[in-house]
Structures are given as structure tokens and as C-alpha cells.
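Structure assessment
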Amino acid sequence: MSVSGVSGSLTGGYAGGRATLRGSNGAAQTAIAEAAQRLARATAEVSSGKRIQRPSDDVVGTDKALELRRALAAEERFAAASNDAKSWLGTTDTALQRSVALLHTARGLAVQAGADSQSPEGRAAIATQIRGIREDMLATANTTYLGRPVFGGTTAASVAFAEDAGGVVTPSAGMGNVVERTLAPGVDVRVDTAGTAAFGAGDDSVFAVLSRLETAVLAGAAESSAQLGDMTAALGRMTTTLADVGTRYARTESLQSIGTQRTLSLTSSQREVEDVDLAEALMNLATHEKAYQAALGAAAKVVTPTIMDFLR
């Protein structure tokens, strides 16, 4: 064989070996990269506790997770609205209970003033008490929640009822407008209470009734007794309104309880979609660690030969 033939044979053999080694190195590197990727994902799942790290991990699961998150966000808004409604209605309930108690006290004083044995001094004292009750009643009627009069509807005024210099009490503009809160899908509950529904308006208002009672007490027994009918009517109107507020409060609590159950159910579904099973995730992590170490070991056995390996 000629020198050129030997040279060609060596060159060809080396080139073929080099190609084979390059292929082996490339396959080993690919195996390492894939094993490292699986290990990284398993590590991320264990550390974060989440099965879906990116949308491409599970397209269907991602869509469902987003839908569940939107539903949970809506439930959070409903819960906040329920808390606001309960606070508003609770404030109104407290104010009405106080107003009812004031009317009962005023009615009892009217009965006392209706006795013929009542002295002028006693009548004057009763009239003073009734005047104080009227002032307390007006202050209670102007009860606020977060700066808004609970009996004022959508009024922009700071009070639901305003009293002029002549002692005439008038409702503020906007009292008849309804204020509602959305507590569930398609369910709205009224949270305000019209002041005129509870305290009346014009000559039938509780303020006018108490003013007439104060005057009647000073006039005599018969005049005092004549006011009992108006007192009873005012008391009946107020207790009816109180019952209505109590009904709306109970409905709000019921809707809030149902909303809490919906939130728990949605949260459970979200965990099933997004969260990993920790025991399974740890087992997968150990498996991928072993696979990665095996890939490294296999790659280490691929050693590039020298020119002498081809000359043997």
C-alpha cells in the first residue's frame, strides 16, 4: 500500500470516528438538558406548591384556574358588600331601637300628664322631658354610617332631617332614593331606610307629634290624653320599619353564609386544579434527581480519543 493510501485510510477513519463521537456527545448533552429541565420543573413544583408554573404546562387547567380565580374575586366583592350592608343595616337597627324606646318613654309621660292630679310644676317637668326626647329623637334620626345619614337615602346633605329656626323639621332631598348592595349574582338588597317611613313627614312626623304633646301637657290632662292616639300611630309606624330592617339584615346574613359556602367550594376546586400533591411531588423530585445523575454519569463515559487510538 502506498503512503498516500495509508494517509487516506487514516484520515477517513479518523473522520468517521470523530463524527461518531460528536453524535455521542450531542446525544449525551441532549439527555442532560432534558433531565435538568424535568428536575427544575419538579423542584419548582415542590418549592411553590403549584402544579401549573406556566400556561403551557396545562392549557386546559390554566383556563379553569383563571375562571375559578375570577369567580373567587367576585365572591370577595360580594363578601365586602355583605359586610357593608350588615354594618349599614345594623346601625339603622340600633337607631330605630333607640327611637322606639324614646317613644315608649314619651307615651308613658303622656299617660302621666293625663292624670288630673298632676300639678302645674309636674306638668312643666314632664314637658321638659318631652322636649329632651324630641331633641334626642332628631339626633337619632340623623344617625350616620361612614359619614352618610342612614335614613337619608342618596342625600348629599350631612343630615337626613333639618330643623329650621321655627322648629319645623323637614326631610333632606334624596331621601326617597334607594341605596342597594349586590350580595350575590343577580341579588340586590336595600340597605338604606327612608326617614319618612320610620319618622313620618309633615304633621304626622314623630317630631310634630312630640311638639304637640309638649304643648298639650302644659295645657291639661284632657289635652295630654288626646295625643295618645298620635303617639300610638307613630310607634306602630316605627316598629313596622324596625321589623323591615331586621328582615333585610337576616336576609343579608343568609346570603353572606351562602356566599361563604360558595367561596369554600371554589377554593377547594382551585386547589385541585393548581396545587400539587406534595407526597407525589416529592417522589417525582427524587425520581428526576436520579435520572439527572444517571444522565451525567452516562455523559462522563463519552471520552474523546486521541490520534493514537486510531493508529492501534
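Because the structure is a prediction, the values reported are computed rather than measured.

Observations regarding the overall build of the protein chain
The number of helices and strands found in the protein chain is nine helices and six strands. Relative to its full complement of 312 residues, the protein chain shows a buried share of 34%. Within the protein chain, residue pairs in contact and separated by at least 24 positions form 71% of the contacts whose partners lie at least 6 positions apart. Split by element, the accessible area of the protein chain, about 16900 Å² in all, is 56% carbon and sulfur.

Some words on the environment of Ile130
Residue position: Ile130 is located in helix H3 (residues 120-141). Measuring from C-alpha to C-alpha, the distance between Ile130 and Leu213 comes to 7.7 Å, with 83 residues separating the pair along the chain. Contacts of Ile130, omitting those with residues within four sequence positions, involve Leu109, Leu210, Leu213, Glu214 and Val217.

Regarding the nonpolar core
Within soluble globular proteins, side chains that are nonpolar tend to cluster in buried spots. Of all hydrophobic cores here, the largest spans 49 residues; its most connected members are Met137, Phe161, Phe199 and Phe207. Taken together, the elements giving at least two residues each to this core come down to helix H2 (59-113), H3, strand E5 (180-184), strand E6 (187-190), helix H4 (195-199), helix H5 (206-219) and helix H7 (228-274). No other element matches the 13 residues that H2 contributes to this core. Residues in contact with Met137, not counting those within four places in the same chain, are Ser99, Leu102, Leu103, Phe199, Val206, Phe207, Leu210 and Met238. With five residues, the next largest nonpolar core counts Ala65, Leu68, Leu72 and Val273 among its residues.

What to know about the packing of H2 against H5
Between H2 and H5, the shortest axis-to-axis distance is 11 Å and the interhelical angle comes to 25°. As judged from the angle between their axes, H2 and H5 are roughly parallel. For the pair H2 and H5, the sense of crossing is left-handed. Residues Leu103, Ala106, Ala110 and Ala113 of H2 lie in contact with H5, whose contacting residues are Val206, Leu210, Leu213 and Val217.

Examining the side chain of Ser172
Along the chain, Ser172 falls in the loop between strand E4 (169-171) and E5. From its side chain, Ser172 meets the backbone oxygen of Val159 in a polar contact 2.7 Å long. If we ignore the near neighbours within four places in the chain, the residues touching Ser172 are Thr155, Ala157, Val159, Ala160 and Phe161.

Overview of the confidence of the model for the protein chain
Of the residues in the protein chain, 70% have a pLDDT of 70 or more, and the chain-wide mean is 82. A low-confidence stretch, residues 1-15 (pLDDT under 50), is modelled with six contacts involving residues beyond four sequence positions or located in other chains.

Here's the deal with the packing of aromatic side chains
Under the counting rule described, the total for this entry stands at five aromatic pairs. One aromatic cluster in this structure is built from Phe151, Phe161, Phe199 and Phe207.

Quick word on the pattern of salt bridges
Counted according to the given criterion, the structure contains nine salt bridges. One salt bridge connects Lys86 with Glu253, and the closest N-O pair in it is separated by 3.9 Å. Pair noted here: Lys86 is in helix H2 and Glu253 is in helix H7, with a separation of 167 residues, a long-range link. In this structure Glu253 comes out as partly exposed when scored by relative accessible area, which is 38%.

Considerations on the pairing of E5
Moving residue by residue along a regular strand, the side chains alternate between the two faces of the sheet. When E5 meets E6, the two strands line up antiparallel, connected through four bridges. Among the inter-strand pairings, Arg181 is bridged to a residue of E6, identified as Val189. Taking the residues between adjacent antiparallel strands as the criterion, E5 and E6 are bridged by two residues, where Gly186 takes a positive phi near 75°.

Let's talk about unusual backbone geometry
Unlike most non-glycine residues, Leu146 shows phi in positive territory, near 55°. Residue position: Leu146 is located in the loop between strand E1 (144-145) and strand E2 (148-149).

Observations concerning the packing of H2 against H3
Orientation of H2 relative to H3, taken along the N-to-C sense of each, is 165°, at an axis distance of 10 Å. In this view, H2 runs roughly antiparallel relative to H3, as classed from their interaxial angle. In this structure, H2 meets H3 at a crossing whose hand is left-handed. Taken together, the residues of H3 that come into contact with H2 (itself represented by Ala95, Arg98, Ser99, Leu102, Leu103, Thr105, Ala106, Leu109, Gln112 and Ala113) are Arg123, Ile126, Gln129, Ile130, Ile133, Asp136, Met137 and Thr140. Residue composition of the contact of H2 with H3, grouped by class: 10 nonpolar, five polar and three charged.

Criteria and cut-off values
Residues numbered from 1 in each chain as written. Predicted model: local features only at pLDDT ≥ 70, side-chain atom pairs only at ≥ 80, totals over all residues. Heavy atoms only, no water. Helix = DSSP H or I, 4+ residues; strand = E, 2+ residues; numbered from the N terminus. Buried < 20%, exposed > 50% of the residue type's maximum accessible area, 1.4 Å probe, protein only. Contact = heavy atoms within 4.5 Å. Areas by Shrake-Rupley, 256 points an atom, 1.4 Å probe, with all protein chains shown as cover. Core = buried A, V, L, I, M, F, W, Y, C linked by side-chain atoms within 4.5 Å. Axes fitted to C-alpha atoms, helices over the stretch in contact; angles between N-to-C directions. Parallel < 35°, antiparallel > 145°, perpendicular 65-115°, else oblique. Left-handed = near helix turned anticlockwise from the far one by under 90°. Polar contact = N/O pair within 3.5 Å; in protein donor to acceptor, adjacent residues only side chain to side chain. pLDDT = per-residue confidence, 0-100. Phe/Tyr/Trp six-rings, centres within 6.5 Å; stacked < 30°, edge-to-face > 60°. Salt bridge = Lys/Arg side-chain N within 4 Å of Asp/Glu carboxyl O. Pairing = 2+ DSSP bridges. Nonpolar A, V, L, I, M, F, W, Y, C, P; charged D, E, K, R; others polar.

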